[in-house]
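Overview (structure and organization)
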Amino acid sequence: MESCLNEIDFVILEEGVIAQDVIAQKINEKKPTDDTDAFYVADLGEIINQHLQWQKALPRVKPFYAVKCNDNKPVVWTLAQLGTGFDCASKNEIALVQDLGVLPERIIYANTCKEISHVKFAAAHGIQMMTFDNKDEISKVARIHPTAKMVLRIVTNDALSCIPLSVKFGATLNECRQLMECAKTLSVDIIGVSFHVGSGCMNPQVFAQAIADSRRVFEIGTSLGFNMNLLDIGGGFPGMDNDKITFEKITAVINPALDHHFPAASGVKIIAEPGRYYATSSFTLAVNIIGRKIIHRASTDSDDKQRTVKTIMYYLNEGLHGSFDYCELPYYLSKPILFKKLCPDQQLFNTKVWGPTCDAWDCITDQWKLPELQIGEWLLIQNRGAYSVTISTTFNGFQRTTTHHVISKEAWKILQKIKKGNQSPAEEQVQVVWNFNC
Ligand SMILES: Cc1ncc(COP(=O)(O)O)c(C=O)c1O
């Protein structure tokens, strides 16, 4: 373990063993009276699959993974091995990525309003690319990091997205010229344009419009003498298909829009900042039913007949203050898999599923129909990798949920192969030690 800069904990699975087997093993090992803590199993192979799909579907777009989405070290490390860049929002995210041996050229500091000390840190650590959308930020950068390469973030029409971001970030097209003139006066360099269509984009056409708008801003920048050579199309890509949107529907809009407004011959480098896309599907959450309340309520049918409706309230040991992101739930909550096998004709009931805290807002969903389950039973919820570990709190004294990271033998071999082709000689110098058990 000499010259160990980092320790990355994950397990390389034996031939034929998959992540689901690990979940089953962990649950079976637990003693119901001593330990029913929720846990995640993260399958790093899923991240590799997503990456291979990205390369095929968006060959002109280099992904800069948005670390905010899931900053577990093995996740970030896997992406570093795959050769992605990184979108960092703070000095801690920059430090995390750099500790894994990633060079500054592979990092964009994509936060339009940065703390002065964080800008200083970025400057001291060689980070050049940074986003902005206002004059004050340009003045700040001119003072603290005058050699930065600035990327102007513009607003998008993202009102239909799960989490619209343009209410807080982005300059309107009308504001762009003035901002760029201000940068010129302060001798700050602008190299391109960025946008974000909102996390959980529901309308691919927003990408097409934003790419067209970016072209207009490129023209303004070029007319002012900037060498505009970077387009950053942000995040917003789904991490799992749902009935409203798929990755394919989005790429089918992006590729022709890029070819039209930024053809390969233009020489413009195109990057994106996907978070959800990479992290979602790799994490499965195992949660335990810690409490239950059965409610019978009288209700009147449309034909005036009285009947009794049974609703079961389940209390889980994970909730909105932990692994569940209330902003995205209606769109992205997978139905649970019941760990215990049930007979197929089991009756299903209306349920209300709560988190463990004393907060009455801590309701995960009332949309699941579930059979009558007992305290101590386990539910498995897939696709929990995005905005879960990074937003969870210890509200009410509940601990953060542990993650067991695994990778199949096959995926491990693929990663080694990709890694060989990706690393620059400087990056190969950095030694990362991983702890794994077979
Ligand atoms: C600047 C920026 N880039 C990228 C992302 C990642 O977005 P997503 O997870 O939807 O891909 C976010 C999410 O909030 C963001 O604010």
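What you see is a predicted model; the values in this text were computed from it and never measured.

Quick word on empty space enclosed by the protein
The gaps left among the atoms become clear once a water-sized probe is rolled over them. If you walk through the whole model with that rule in mind, you get two cavities of 30 Å³ or more. When its volume is computed, the largest cavity comes out at roughly 40 Å³. Every residue along the wall of the largest cavity is listed here: Ala110, Thr131, Arg153, Ser194, Phe195, His196, Asp232, Gly234 and Glu273.

A closer look at the packing of helix H8 (residues 205–223) against helix H9 (residues 247–261)
Orientation of H8 relative to H9, taken along the N-to-C sense of each, is 15 degrees, at an axis distance of 8 Å. Relative to H9, H8 is oriented roughly parallel. As H8 runs across H9, the sense of the crossing is right-handed. The segment H8 lies against H9, with Gln205, Phe207, Ala208, Ile211, Ala212 and Arg215 engaging Ile250, Val253, Ile254, Ala257, Leu258 and His261.

Regarding the nonpolar core
Counting 111 residues, the largest nonpolar core has Tyr65, Phe86, Leu231, Ile233 and Phe237 as its most contacted members. Looking at this core, the element that brings in the most residues is H8, giving seven residues. Setting aside residues no more than four positions away along its own chain, Ile233 makes contact with Val61, Phe195, Phe207, Ile211, Ile254, Ile270, Ile271 and Ala272. Of all hydrophobic cores here, the second largest spans 11 residues; its members include Ile23, Phe39, Ala286 and Trp378.

Overview of the sheet that holds strand S8 (residues 149–153)
Strand order in this closed barrel of eight strands is S4-S5-S6-S7-S8-S9-S10-S11, and the pairing throughout is parallel. For this sheet, the mean inter-axis angle between neighbouring strands, taken without regard to orientation, is 30 degrees. Across the sheet, H8 lies against S8, strand S9 (189–194) and strand S10 (230–232), angled at about 165 degrees from S9, the strand it touches most.

Looking at the domain arrangement of the chain
By the assigned domains, the chain splits into domain 1 (7–42 + 281–406) and domain 2 (44–278). Each partner contributes residues to the interface: domain 1 has 24 residues there, and domain 2 has 27 residues. Here domain 1 and domain 2 share an interface that buries about 2,100 Å² over both sides, 61% of which is from carbon and sulfur atoms. Counting across the interface, domain 1 meets domain 2 through zero salt bridges. When contributions to the side of domain 1 that touches domain 2 are tallied by element, the ones reaching two or more residues are strand S1 (7–9), helix H11 (329–332) and strand S19 (402–407). A per-class count over the side of domain 1 that touches domain 2 returns 11 nonpolar, nine polar and four charged.

A closer look at the site of the ligand
Close to the ligand lie 16 residues, the nearest being Ser199, Glu273, Gly275, Arg276 and Tyr387. Interatomic distance of 2.6 Å between a side-chain N/O atom of Ser199 and an oxygen atom of the ligand. At 2.6 Å from a nitrogen atom of the ligand is found a side-chain nitrogen or oxygen belonging to Glu273. Burial of the ligand by the surrounding chains reaches 93%, relative to a free accessible area of 390 Å².

The rules behind these values
- Residues numbered from 1 in each chain as written.
- Predicted model: local features only at pLDDT ≥ 70, side-chain atom pairs only at ≥ 80, totals over all residues.
- Heavy atoms only, no water.
- 1 Å grid on protein atoms, 1.4 Å probe; cavity = no way out; pocket = protein on both sides within 12 Å on 5 of 7 lines; lining within 4 Å.
- Points joined across faces, edges and corners; volume = space filled by probe spheres on them.
- Axes fitted to C-alpha atoms, helices over the stretch in contact; angles between N-to-C directions.
- Helix = DSSP H or I, 4+ residues; strand = E, 2+ residues; numbered from the N terminus.
- Parallel < 35°, antiparallel > 145°, perpendicular 65-115°, else oblique.
- Left-handed = near helix turned anticlockwise from the far one by under 90°.
- Contact = heavy atoms within 4.5 Å.
- Core = buried A, V, L, I, M, F, W, Y, C linked by side-chain atoms within 4.5 Å.
- Buried < 20%, exposed > 50% of the residue type's maximum accessible area, 1.4 Å probe, protein only.
- Pairing = 2+ DSSP bridges.
- Domains from an automatic or database assignment.
- Buried area = accessible area lost by both parts, 1.4 Å probe.
- Salt bridge = Lys/Arg side-chain N within 4 Å of Asp/Glu carboxyl O.
- Nonpolar A, V, L, I, M, F, W, Y, C, P; charged D, E, K, R; others polar.
- Near = heavy atom within 4 Å.
- Polar contact = N/O pair within 3.5 Å; in protein donor to acceptor, adjacent residues only side chain to side chain.
- Areas by Shrake-Rupley, 256 points an atom, 1.4 Å probe, with all protein chains shown as cover.

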